[in-house]
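Inside the fold
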Amino acid sequence: MKIKILGSGCKNCVTLAKNAEEALKDLGMEAEIIKVTDFKDIASYGIMSTPGFVIDEEVVSYGKVLKPAAIKEILEKK
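All residue numbers refer to positions counted from 1 along the written sequence of the respective chain. Local features in this predicted model are restricted to residues of pLDDT 70 or higher, and side-chain atom pairs are both shown and tallied only at a pLDDT of 80 or more, whereas totals for entire chains, interfaces and linings draw on every residue. Hydrogen atoms and water are omitted, and side-chain values are computed over all heavy atoms in the structure.

What follows concerns helix H3 (residues 68-76). Residues of H3 that are buried include every one of Pro68, Ile71, Ile74 and Leu75, and no others. Considered in projection along H3, the buried side chains sweep an arc of 120 degrees and stay on one side of the axis. Exposed side chains of H3 directed beyond 90 degrees from the buried face belong to Ala69 and Glu76. Along its buried surface, H3 packs onto strand E1 (2-6), helix H1 (11-27), strand E3 (52-55) and strand E4 (58-62). Only protein chains enter the accessibility calculation, which uses a 1.4 Å probe. A residue is then buried if its area is under 20% of the maximum for its type, exposed if over 50%, and partly exposed in between. Put simply, DSSP H or I for four residues or longer makes a helix, DSSP E for two residues or longer makes a strand, and each gets a number counted from the N terminus. To be clear, the arc concerns the directions from the helix axis to the C-beta atoms. Contact between two residues is taken to exist if any of their heavy atoms lie within 4.5 Å; hydrogens are not considered.

Take a look at the structure:
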């Protein structure tokens, strides 16, 4: 599984990445977390606000910092 955090590297993006790591740890899952900071690459996902949260090339959230519990819910459905 590949998780991408789309954003400039701002505080919200960093927090989202940490929350993703925490959710993965709680579930005993492993995934590669990739930070995408190039705005051309971010735009290719069709989102207009960051941070974006992408799992296996599917945009599952954008414009908000998901809490670990919300990320766990998403991951359990994958």
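So that's the structure; there's more coming.
Here the focus is the side chain of serine 61. Take serine 61: it is sitting in strand E4. With near-sequence residues (within four places) excluded, serine 61 lies in contact with Pro51, Gly52, Phe53 and Leu66.

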